Amino acid sequence: MSKHKHINGMELETKVLSRELQQRMYDNGLTIGTAESCTGGRVAEAIIATPGASKYFKGGVICYSNEVKENLLGVSAQVLAEQSAVSEEVAIQMVKGACETLKTDYTVAVTGYAGPVAGENDGVPVGTIWVACGTKDNTLTLKLNEDFGRDINLAIATNRALRLMLDFLEQEKGAAAE
């Protein structure tokens, strides 16, 4: 499959996921925001691609630098230094911080190395991307670790972030029903 066809197929999936997320958020009067590093706003763009998103999407923080992660999202400088920005703990702290900063019920966060090169000699390979979503009290995480080239890595991370958020909502719904 050519790179172009692969990305077009992913764009269709993104629209389907965005529509599903809209139904969950809108029907239940819930709000969502994003905290994005390597995806640079792609998750937010996917969410707002569905008409009516202003009813549930409050906004996003593009936190490409550690300074922004610390100052706007309250990510621990110690965790950034010890584990790097591309870690599960940073993704979790991004969710919690964005829920607080944006005053949302839910947040989707993404941090990673999309390529073509990795970061500051921290030993984390290109294609490693942590996705987290949830509330300030509860998060679900996912690690992506395959390198398909920058464009495809970012498209995959965007779709997996939306799918993870839907999975989180489904788990939460199941827990509430018990």
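Residues numbered from 1 in each chain as written. Predicted model: local features only at pLDDT ≥ 70, side-chain atom pairs only at ≥ 80, totals over all residues. Heavy atoms only, no water.

Comments concerning the side chain of T34
As a reminder of what qualifies: Numbering goes from the N terminus for both helices and strands, where a helix is a DSSP run of H or I of at least four residues and a strand is a run of E of at least two. Note on definitions: a residue-residue contact is assigned when non-hydrogen atoms from the two residues lie within 4.5 Å.
By secondary structure assignment, the location of T34 is in strand 1 (residues 32-36). When neighbours within four sequence positions are excluded, T34 is seen to be in contact with V43, A44, I47, F57, G59, G60, V61, L102, T107 and V108.

A few points about the nonpolar core
Applied cut-off: Side-chain atoms within 4.5 Å are what join buried Ala, Val, Leu, Ile, Met, Phe, Trp, Tyr and Cys residues into a set we call a nonpolar core. Each residue's exposure class comes from its accessible area (1.4 Å probe, protein chains only) as a fraction of the maximum for that residue type: buried when under 20%, exposed when over 50%, partly exposed otherwise.
Among the nonpolar cores identified, the biggest contains 36 residues, and L21, I32 and M165 are the most heavily contacted of them. When residues of this core are traced back to their parent elements, those giving at least two are helix 1 (3-27), helix 2 (42-48), strand 3 (106-112), strand 4 (128-134), strand 5 (139-145) and helix 6 (150-177). Ignoring anything within four residues of it in the chain, the contact list for I32 reads L21, M25, I47, Y56, F57, K58, G59, T104, Y106, T107, V108 and M165.

Things to note about the sheet that holds strand 2 (residues 57-62)
Our working rule: DSSP bridges decide pairing: two strands pair if at least two such bridges lie between them. Orientation is described by axes fitted as lines to C-alpha atoms, over the contacting stretch for helices, and by angles from 0 to 180 degrees between their N-to-C directions.
The strand order 2-1-3-4-5 describes an open sheet built from five strands, whose pairing is mixed. The sheet is open, and its two borders are formed by strand 2 and strand 5, each paired with just one other strand. Pairs of neighbouring strands in the sheet enclose a mean axial angle of 10°, with direction left out of account. Across five bridges, strand 1 lies against strand 3 in parallel orientation. Opposite T34, over in strand 3, you have V108 as the bridge partner. The strands touched by helix 5 (residues 88-102) within the sheet are strand 1, strand 2, strand 3, strand 4 and strand 5, with strand 3 carrying the most contacts at an inclination of about 140°.

Re unusual backbone geometry
The residue after G115, namely P116, is reached through a cis peptide bond having omega 10°. Inspection of the secondary structure puts P116 in the loop between strand 3 and strand 4. A positive phi is found at S84, a non-glycine position, where the angle reads about 80°. Positionally, S84 belongs in the loop between helix 4 (77-83) and helix 5. With a phi angle near 55°, K103 is a residue other than glycine that sits in the positive phi range. In this fold, K103 is placed in the loop between helix 5 and strand 3.

Bear in mind that shape data such as this cannot, by itself, settle questions of function.
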